[in-house]
Amino acid sequence: MERNAGPLTNSFLGKPPCDGGKPYVREPRAFLASSRACYPFILPPVNPALDTLLLAFGPEGLAVPERTLFLGAEPHPALKDWPGVLGWQPFKPKAVAWDTAGFRRVDQPEGAFPCVLVLPGKSRDETLALFARAYDLLEPGGLLVASMPNTAGAARFEKELAKAAGSIGSLQKHKCRAFHAVKNDGWNLALLAEWRSAGERKPVAGTEFIAEAGVFSPDHVDPASALLAKHLPGDLRGKVADLGAGWGFLSQEIARRFPAVTRLDLFEADARALACAEHNLAAFPEVARFHWHDVAAGLGEVGYDAVVTNPPFHSGQKTDVGLGKAFIHAAAGALKRGGRLFLVANRQLPYEAELEAAGFSWRKPAEDSTFKLLFATKR
Ligand SMILES: C[S@@+](CC[C@H](N)C(=O)[O-])C[C@H]1O[C@@H](n2cnc3c(N)ncnc32)[C@H](O)[C@@H]1O
C-alpha cells in the first residue's frame, strides 16, 4: 500500500500553524503528539533541508513509501505520518532527539529499502560516500532523496549525483535543494565505487592512526590538539577524561606517554570518530574506555583527576561558543576538588569568564598566533 504524506501544510514547512506573523515556534516533546498544535515555546526550527526534502512528497509529488531508511535522521512532525521509517544517526544529540520523538533507529543499516532519505554531512567525501551507501541500501526501482542547504554546496552535490544516476529530479525551497533519483540499470557503477572508497577509513597523514571522512580533522592531526599534547604536564595521573575525543589523538598521546594514568575515558558524540578511536587505542585496553556521549549533557561520572579537551565550537555550519562553555561546565561537574582541566581553544574564544563561573582558577601557559592553552584547577 502506498499513501501520501498527509498534512504537509505550511504548519511544518516554514510557518507556524497559528503564526500571526510570529517566529516559527514548536513545543519540545508534544510537537509530534499533535501535528496541528498551537506551539507555546520558541525553539530552533526543524532543519530547513529536511522541510525541503519532505516537500518532495505529498499529493502532487512523490508517494510516501511503505518503508524508508533515513541516513542522517532528524525528527520532523510530518514523518510521524509515514508508515515505517528507520533512522541512522551517528551524532549522539541528534540520535537522542530522534529516539525521544519516538522513531526507530539502527546503528548499522542493512537490507534493501524502497526509499532512502539522505541528509548529508559537511565534507565532500562524506557526502558522496553517503550517496553510494544510500544506493547500496536501495532495492531495485527504489528512490533516493537527498536535501542540503545551498550554502553547503547543494547545487554542486546535485550535479555529482546526476553524474552517477543519469536522471535526477529536483526542487528548491527554504534556501535548500532536495533532489532525487531512482535506482535503475543506468547508474555509473565505477563512480559509485570511487565514492564508496572515499568514505572508507584511511591513515591520517604521517601517523599510524586511521580516521574516516566526516569526522573531525580526518586527514591530519589538529594543530590545536598537537599544541595541547606538547604542553601536557609530566605529572598527569589517575582517572582522566578526554571530552570530544574525536578519533583519539589526544587520548592516544596520554595512554602512551603517561603510565600513571590508570583510567582514560573518551567521551565523543560522533559514533564514527569513536569507532576510529577504539581502533587507534587498541593497544591500551587496560585503561581506555569509550563513551558515545553528548558532553553538553554532563558526563554522568565523577571523581576525575584531570580532564583534557579541545572543545568543538561549531553546531552544523554555525559557530557555537555555547558548546565549549557546556564542555567547561561538564568538566567542572566531573572533576575532583583540586582536579585539573587542560583546554586548548582558538584565541578569540571567550572561555576565561566561563572558567571562573564554573569554579576554576586558571592560567594561560602558552599561546601562538592561532591557539591558546587554558589550564585550570577546580577550587
Ligand atoms: C575540535 S574536535 C577535537 C577532536 C579530538 N580531540 C582531536 O584532537 O582530534 C571536537 C570533537 O568534539 C566532538 N563533539 C561535538 N559535539 C559534541 C558533544 N555535544 N559531545 C561530545 N562530543 C562532541 C566532535 O565530534 C569532535 O570530534
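Conventions we followed
Residues numbered from 1 in each chain as written. Predicted model: local features only at pLDDT ≥ 70, side-chain atom pairs only at ≥ 80, totals over all residues. Helix = DSSP H or I, 4+ residues; strand = E, 2+ residues; numbered from the N terminus. Buried ≥ 20, exposed ≤ 12 C-beta atoms within 10 Å, placed from the backbone. Contact = placed C-beta atoms within 7 Å. Pairing = 2+ DSSP bridges. Axes fitted to C-alpha atoms, helices over the stretch in contact; angles between N-to-C directions. pLDDT = per-residue confidence, 0-100. Near = placed C-beta within 6 Å. Parallel < 35°, antiparallel > 145°, perpendicular 65-115°, else oblique. Left-handed = near helix turned anticlockwise from the far one by under 90°. Nonpolar A, V, L, I, M, F, W, Y, C, P; charged D, E, K, R; others polar. Arc of directions from axis to C-beta. Core = buried A, V, L, I, M, F, W, Y, C linked by C-beta atoms within 7 Å.

(A) Fine view of the overall build of the protein. Across its full length, the protein holds ten helices and 18 strands. In the protein, which comprises 379 residues, the proportion classed as buried is 45%. Intrachain contacts of the protein at a sequence separation of at least 6 include 64% that bridge at least 24 residues.

(B) The arrangement of the sheet that holds strand β4 (residues 113-118) in detail. What the seven strands build is an open sheet, ordered β3-β2-β1-β4-β5-β7-β6; its pairing is mixed. On the outer flanks of this sheet lie β3 (104-105) and β6 (169-173), each paired with one strand and no other. In the packing of helix α3 (residues 124-136) onto the sheet, the strands contacted are β1 (68-71), β4 and β5 (138-149), and the crossing angle to β5 comes to about 155°.

(C) Local environment of the confidence of the model for the protein. On average, the protein scores 88 in pLDDT, and the residues at 70 or more come to 88%. Note that pLDDT drops below 50 for residues 1-44; the model gives that stretch 75 contacts with residues more than four away or on any other chain.

(D) Summary view of the environment of His314. One can find His314 in strand β14 (residues 314-315). Under the C-beta neighbour-count criterion, His314 is labelled exposed, with 11 such atoms within 10 Å. His314 sits ten residues away from Gly324 along the chain, and the two C-alpha atoms are 9.2 Å apart. If we ignore the near neighbours within four places in the chain, the residues touching His314 are Thr319 and Asp320.

(E) Molecular detail of the site of the ligand. Around the ligand, a shell composed of 21 residues is seen, among which Ser225, Gly244, Gly246, Ala269 and Val295 lie nearest. Residue assignment for the shell around the ligand shows that the elements contributing at least two residues are α7 (249-257) and β11 (261-268).

(F) Quick peek at the packing of α3 against helix α5 (residues 189-198). α5 packs onto α3 with a crossing angle of 120° between their chain directions and a minimal axis gap of 7 Å. Judged by the angle between their axes, α3 and α5 are oblique. For the pair α3 and α5, the sense of crossing is left-handed. Residues Asp125, Leu128, Ala129, Phe131, Ala132 and Tyr135 of α3 lie in contact with α5, whose contacting residues are Leu192, Trp195, Arg196 and Ala198. Partitioned by chemical class, the residues of the contact of α3 with α5 number eight nonpolar, no polar and two charged.

(G) Highlighting helix α2 (residues 92-100). Taken residue by residue, α2 has Lys92, Ala95 and Trp98 as its buried positions. Relative to the axis of α2, the buried residues are bounded by an arc of 120° and lie together on one face. Next to the buried residues of α2 lie β2 (85-88), β3 and β12 (288-292). Just downstream of α2, Gly102 is the residue with a positive phi angle, here 95°.

(H) Representation of the pairing of β6 within the structure. Two strands pair when backbone bridges link them, and β6 and strand β7 (residues 176-182) are joined in this way by five bridges, in the antiparallel orientation. Its bridge partner lying in β7, Gln172 is registered against Arg177.

(I) How the structure looks around the sheet that holds strand β13 (residues 304-309). Read from one edge to the other, the open sheet built from seven strands follows the order β12-β11-β10-β13-β16-β18-β17, with strand pairing classed as mixed. Where the open sheet ends on each side, the last strands, each with one partner, are β12 and β17 (360-367). Shown here is a sheet whose adjacent strand axes are inclined to one another by a mean of 20°, direction ignored.

(J) Structural context of the nonpolar core. Membership of the largest hydrophobic core comes to 55 residues, with the highest contact counts inside it found for Leu71, Val116, Val118, Phe131, Ala134, Leu144 and Val145. With seven residues, α3 is the largest single contributor of residues to this core. Leaving out residues up to four positions away in the same chain, Leu144 has contacts with Val116, Val118, Ala134, Tyr135, Leu138, His180, Ala181 and Lys183. In this structure, Ala241, Leu274, Ala306 and Val344 belong to the second largest nonpolar core, which totals 54 residues.

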